[in-house]
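Structure assessment
Here's the letter readout for the chains.
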Amino acid sequence: MSQVDESSSQVQFSQIIPEESGGLPTARAFEINNLTSYDAPTQSRLVTDLSRLLLFKALSGEPIDRTKVAKEAWGERAANCKGVTNAALDKSVERMRNVLGVDVKRVPEDQVKNFPNKFKERMYIVNTIKDDESGSHSKALHSVHLDSAIEKGLLMLILAFIYCKGEVQDHIRWISAGDLYRLLHSVDENIPAEPTILKNKRDSIGDLASPSASKKFHGGVGLTPDVDMLVEKFVHMDYILKKKADKTNTGTNSTDEGAFLYAMGPRTLLEIGRKQIIYFCAEILDEQPDPTMLQELEDEGAEDHRREQ
């Protein structure tokens, strides 16, 4: 998979800033008082357990549902710890920033309206350590494992095809699974020209196909990864969205009803950003960034700024 392998370094070391994130809910005075009403060991245990959950989510790449973190971190104790979640989350996030150099972020404010409601409460662990011009920090993180580098390269290639070849529907660019795989196949003939058909009731925006479904995927060949499996992984991690095509969203292409469509997910906006994808496309094509697409982002930002005033 030579083209993807060669381009993966551009993915990891880009200095283009991603989208602005949405802020986390600020703990109110009564929530802070509720937390401080516990003795010091109990406070420490609540914050530590929540911090540990955030760390595990960061290591696994799992999205975090703000409405469920208390139950996931504290189990049965959550029922007796009402009104302290935001205060404990503030302390846990501060600990993550100070110790690990990562932050907890939400879907960008100007984009949240374009995503389904369930993404409004999604949070993501994002690396916020500033890198130098040579990308030393990124290299230290991503250059150790070849599989990780190839995976990042594939992700950027998929995002580039979605953003540059997709059709806009409700302010989001969508591309059919058939078109996406044909484009990927044109880059690497070891990637199947058509996706594996998964008949799973949970195949919808932001969901992951069942583990048993992975047995139906095409296997990777040489340095070419198992694209079917990784696409589902990217969906699960919210890098990309996935939905079934119907009469209302097939656009002008020839996508059959029941086939899948893919779009850029909220995690992509936070970790990568649309501008970086535009620059990535320019780098792999050895061209200047598309001024029309850059202007589109500038106009969108200006419009959002006017609405806030």
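Here, every reference points to the structure presented above.
Description of the structure in this document. The structure presented is a predicted model; accordingly, all values stated were derived computationally and were not measured.

For the rest of this paragraph, the subject is the overall build of the protein chain. Looking only at helices and strands, the protein chain has 12 helices and seven strands in total. Out of the 309 residues in the protein chain, the part that is buried amounts to 47%. Of the contacts made within the protein chain by residues no fewer than 6 positions apart, 69% connect residues no fewer than 24 positions apart. Carbon and sulfur atoms make up 50% of the accessible area of the protein chain, which totals about 16300 Å².

Further remarks concern the nonpolar core. Grouped together as the largest cluster of nonpolar side chains are 50 residues, with contacts concentrated most on Ile158, Leu159, Leu184, Phe234, Ile240, Tyr262 and Ile277. It is helix 7 (residues 146-165) that contributes the most residues to this core, 10 residues altogether. Not counting chain neighbours up to four residues away, the residues in contact with Leu184 comprise Leu154, Leu157, Ile158, Phe161, Ile191 and Val227. By size, the runner-up hydrophobic cluster in this structure holds 24 residues, among which are Leu46, Ile64, Ala87 and Ile125.

Those residues of helix 8 (residues 177-187) that sit buried are Ala177, Leu180, Tyr181, Leu184 and Val187. The arc that holds every buried residue of helix 8, seen down its axis, measures 110°, which confines them to one face.

Quick look at the sheet that holds strand 1 (residues 64-65) now. The sheet built from three strands is open, its strands ordered 1-3-2 with antiparallel pairing. Single-partner strands in this sheet number two, and they are strand 1 and strand 2 (102-106). Strand direction decides the pairing type here: strand 1 and strand 3 (residues 122-127), joined by two bridges, are antiparallel. Directly across from Ile64, in strand 3, lies its bridge partner Met123. Of the strands in this sheet, strand 2 and strand 3 touch helix 5 (residues 85-100), which is tilted by about 135° from strand 2.

This brings us to the side chain of Thr268. Mapped onto the fold, Thr268 is located in helix 10 (residues 266-271). A distance of 2.6 Å separates the side chain of Thr268 from the backbone oxygen of Tyr239, its partner in a polar contact. Discounting chain neighbours no more than four positions away, the residues touching Thr268 are Leu159, Asp238, Tyr239, Gly273 and Ile277.

A few words now on the environment of Asp65. The topology assignment puts Asp65 in strand 1. A relative accessible area of 18% means that Asp65 is categorised as buried. Each C-alpha atom, one on Asp65 and one on Tyr124, is 9.0 Å from the other, the two residues being 59 residues apart in sequence. A polar side-chain atom of Asp65 sits 2.6 Å from a polar atom in the side chain of Thr67.

What follows concerns the packing of aromatic side chains. Considering all chains together, one arrives at two aromatic pairs under this definition. Geometrically, the ring pair formed by Phe234 and Tyr239 is edge-to-face, given 6.4 Å between the ring centres and 90° between the ring planes. On the basis of relative accessibility, which here comes to 2%, the residue Phe234 falls in the buried class. Sitting over the ring of Tyr239, Arg267 keeps its end group 5.4 Å from the ring centre.

Another point: helix 11 (residues 274-285). For helix 11, which comprises 12 residues, the first-to-last C-alpha distance of 17 Å matches the rise-based estimate of 16 Å (1.5 Å per residue) to within 8%. Where helix 11 is concerned, the buried positions are Arg274, Gln276, Ile277, Ile278, Phe280, Cys281 and Ala282. A positive phi of about 55° marks Asp286, the residue just after helix 11.

Turning our attention to the pattern of salt bridges. Taken as a whole and judged by the stated rule, the model has 14 salt bridges. The closest approach of N and O atoms between Glu72 and Lys57, which form a salt bridge, is 3.2 Å. With Glu72 in helix 4 (residues 69-74) and Lys57 in helix 3 (residues 40-60), this residue pair connects regions lying 15 residues apart in the sequence. Residues joined by salt bridges that share partners form a network here, namely Asp49, Arg52 and Arg77.

What follows concerns the pairing of strand 6 (residues 240-244). Within strand 6, four of the five residues are buried, which leaves it mostly tucked inside the rest of the structure. Relative to strand 7 (residues 260-264), strand 6 is paired through five bridges, and the arrangement is antiparallel. Bridged to Lys244 within strand 7 is Phe260.

Our next topic: the sheet that holds strand 6. Spatially, the four strands line up as an open sheet ordered 4-5-7-6, and their pairing is antiparallel. At either end of the open sheet lies a strand with only one pairing partner, and these are strand 4 (167-169) and strand 6. Each neighbouring strand pair of the sheet contributes to a mean axis angle of 40°, computed without reference to strand direction. Strands strand 5 (172-176) and strand 7 of the sheet are contacted by helix 8, whose axis makes an angle of about 75° with strand 5.

Right, let's talk about the pairing of strand 5 for a bit. Taking burial as the measure, the five residues of strand 5 include five buried ones, the bulk of the element. Residues Ile172, Trp174 and Ser176 point to one face of strand 5 and Arg173 and Ile175 to the other, with burial holding for every one of them. Linking strand 4 to strand 5, which pair antiparallel, is a turn of two residues; within it Asp170 sits at a positive phi near 55°. With three bridges joining them, strand 5 and strand 7 adopt antiparallel strand pairing. Counterpart to Ser176 in the pairing with strand 7 is Leu261.

Definitions and limits used
Residues numbered from 1 in each chain as written. Predicted model: local features only at pLDDT ≥ 70, side-chain atom pairs only at ≥ 80, totals over all residues. Heavy atoms only, no water. Helix = DSSP H or I, 4+ residues; strand = E, 2+ residues; numbered from the N terminus. Buried < 20%, exposed > 50% of the residue type's maximum accessible area, 1.4 Å probe, protein only. Contact = heavy atoms within 4.5 Å. Areas by Shrake-Rupley, 256 points an atom, 1.4 Å probe, with all protein chains shown as cover. Core = buried A, V, L, I, M, F, W, Y, C linked by side-chain atoms within 4.5 Å. Arc of directions from axis to C-beta. Pairing = 2+ DSSP bridges. Axes fitted to C-alpha atoms, helices over the stretch in contact; angles between N-to-C directions. Polar contact = N/O pair within 3.5 Å; in protein donor to acceptor, adjacent residues only side chain to side chain. Phe/Tyr/Trp six-rings, centres within 6.5 Å; stacked < 30°, edge-to-face > 60°. Lys NZ or Arg CZ within 6 Å of the ring centre and 35° of its normal. Expected span 1.5 Å × (residues − 1). Salt bridge = Lys/Arg side-chain N within 4 Å of Asp/Glu carboxyl O.

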